[in-house]
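# Inside the fold
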Amino acid sequence: MTITVFTIIIAVLVLGAGLFLLRAIPSMRTYFTFRGKRLVTCPETHKATAIDVAASEAALGTFFNEPTLRLSQCSRWPERQDCGQECLQQVEADPENCLVWKIVAKWYEGKKCVFCHKPIGPLGHLDHAPALLGPDFRTSEWSEILPEQLPEVFSKYQAVCWNCHVTETFRRLHPEMVVDRPAETKRVIM
Ligand SMILES: [Zn+2]
């Protein structure tokens, strides 16, 4: 008798865990699909706008029924916090390609550093971020630029590798410590 009750309890627990997993897996998938900073075209201004989707809320929605997408952040907030969030249709249509990371990785793909001409290489989360050379001949890391400004910046700036960015920044900040040797086309830091 005791064994039978014990078996029933185990069976119920296993069934419960199975049902939980059945809901938890798509829920996790929803979370990973919708997390991260994205660039969309604002339907109101027709300009690039940086947004964040409430990924945890969407994941919770998937767990219980259907994901409900909502913005958790927008570069036009707080001024337009009461907008209809129609831009979410762009996220639903293609969640991956509007990710800022993906857009940046695509822009650097196949590009060479404007200084040393070495290939920039694929964008990695653990590597030093590549940089950009602006029309004012100053270098900056792409992550220092507001995401909504990236499309315009990418049309005017050039790709720079991390090493050259560090060298050029040092050269700009300490010109007295850098000697140019044109014959060797190298700069010597004193
Ligand atoms: Zn370089």
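Note: the structure precedes this text.
These lines cover the structure that appears in this document, whether it is placed above or below. None of the values given here were measured: they were computed from a predicted structure.

Only Cys 113 (SG), Cys 116 (SG), Cys 161 (SG) and Cys 164 (SG) from the protein coordinate the zinc ion, and they sit 2.3 Å from it. Around the zinc ion sit 4 donor atoms, and with donor-metal-donor angles ranging over 103 to 113 degrees the site reads as tetrahedral. In primary-sequence terms, the residues that donate to the zinc ion follow C-x2-C-x44-C-x2-C. On the accessibility criterion, Cys 161 (13% relative accessible area) is buried. Assessed through its relative accessible area of 13%, Cys 164 is described here as buried.

Strands in a sheet are paired, the pairing made by backbone hydrogen bonds, and the direction either parallel or antiparallel. With antiparallel pairing, 3 strands are arranged side by side in an open sheet as 5-4-6. What marks the edges here is a single partner per strand, and that holds for strand 5 (139-141) and strand 6 (158-160). Strand-to-strand twist of the sheet, defined as the mean angle between neighbouring strand axes without regard to direction, takes the value 35 degrees. The pairing of strand 4 (residues 131-133) with strand 5 spans 3 bridges and is antiparallel. Directly across from Leu 132, in strand 5, lies its bridge partner Ser 140. Packing of helix 6 (residues 162-173) onto the sheet brings it into contact with strand 4, strand 5 and strand 6, and relative to strand 5 it is tilted by some 130 degrees.

Okay, the packing of aromatic side chains next. Under the definition given, this model contains 5 aromatic pairs. When the centroid spacing of 5.4 Å and the interplanar angle of 75 degrees are considered together, the rings of Tyr 31 and Phe 32 count as edge-to-face. Relative accessible area serves as the criterion here: at 28%, Tyr 31 is assigned to the partly exposed category. Judged by its relative accessible area of 45%, Phe 32 is partly exposed. Seen from their ring centres, Trp 101 and Trp 142 are 6.0 Å apart, and the 65 degrees between their planes marks the pair as edge-to-face. With Trp 101 in helix 4 (residues 100-108) and Trp 142 in the loop between strand 5 and helix 5 (150-156), the pair connects residues that are 41 residues apart, well separated along the chain. Judged by relative accessible area, Trp 101 falls into the partly exposed class, the value being 29%. For Trp 142, a relative accessible area of 11% gives the class buried. Connected via pairs of aromatic rings, a cluster forms that spans Trp 107, Tyr 108 and Phe 154.

The next subject is unusual backbone geometry. Residue Trp 77 is joined to Pro 78 through a cis peptide bond whose omega torsion reads 5 degrees. Mapping Pro 78 onto the fold places it in the loop between strand 3 (71-74) and helix 3 (88-93). A positive phi angle is found at His 46, which is not glycine, with a value near 60 degrees. Here His 46 shows up in the loop between strand 1 (37-41) and strand 2 (48-53). Residue His 46 is classed as exposed on the basis of its relative accessible area, which comes to 62%. For Phe 137, which is not a glycine, the phi torsion comes out positive at approximately 65 degrees. Tracing the chain through its elements places Phe 137 in the loop between strand 4 and strand 5.

Moving on, we come to the nonpolar core. Membership of the largest hydrophobic core comes to 21 residues, with the highest contact counts inside it found for Val 104, Tyr 108, Leu 132, Trp 142 and Leu 150. Looking at this core, the elements with two or more residues in it are helix 4, strand 4, helix 5 and strand 6. Ranked by residues supplied to this core, first place goes to helix 4 with 4 residues. By size, the runner-up hydrophobic cluster in this structure holds 12 residues, among which are Ile 51, Val 53, Leu 88 and Val 91.

Let us look at the environment of Asp 94. Looking at the secondary structure, you find Asp 94 in the loop between helix 3 and helix 4. Judged by its relative accessible area of 33%, Asp 94 falls in the partly exposed class. C-alpha separation for the pair Asp 94 and His 174, spaced 80 residues apart in sequence, amounts to 46 Å. Reaching out from Asp 94, the side chain makes a polar contact with the side chain of Asn 97 at a distance of 3.1 Å.

What counts, and at which threshold
- Residues numbered from 1 in each chain as written.
- Predicted model: local features only at pLDDT ≥ 70, side-chain atom pairs only at ≥ 80, totals over all residues.
- Heavy atoms only, no water.
- Donors = N, O, S within 2.8 Å, 3.2 Å for Na, K, Ca; no water.
- Tetrahedral: all angles 85-135°; square planar, octahedral: opposite > 155°, others 65-115°.
- Buried < 20%, exposed > 50% of the residue type's maximum accessible area, 1.4 Å probe, protein only.
- Pairing = 2+ DSSP bridges.
- Helix = DSSP H or I, 4+ residues; strand = E, 2+ residues; numbered from the N terminus.
- Axes fitted to C-alpha atoms, helices over the stretch in contact; angles between N-to-C directions.
- Contact = heavy atoms within 4.5 Å.
- Phe/Tyr/Trp six-rings, centres within 6.5 Å; stacked < 30°, edge-to-face > 60°.
- Core = buried A, V, L, I, M, F, W, Y, C linked by side-chain atoms within 4.5 Å.
- Polar contact = N/O pair within 3.5 Å; in protein donor to acceptor, adjacent residues only side chain to side chain.

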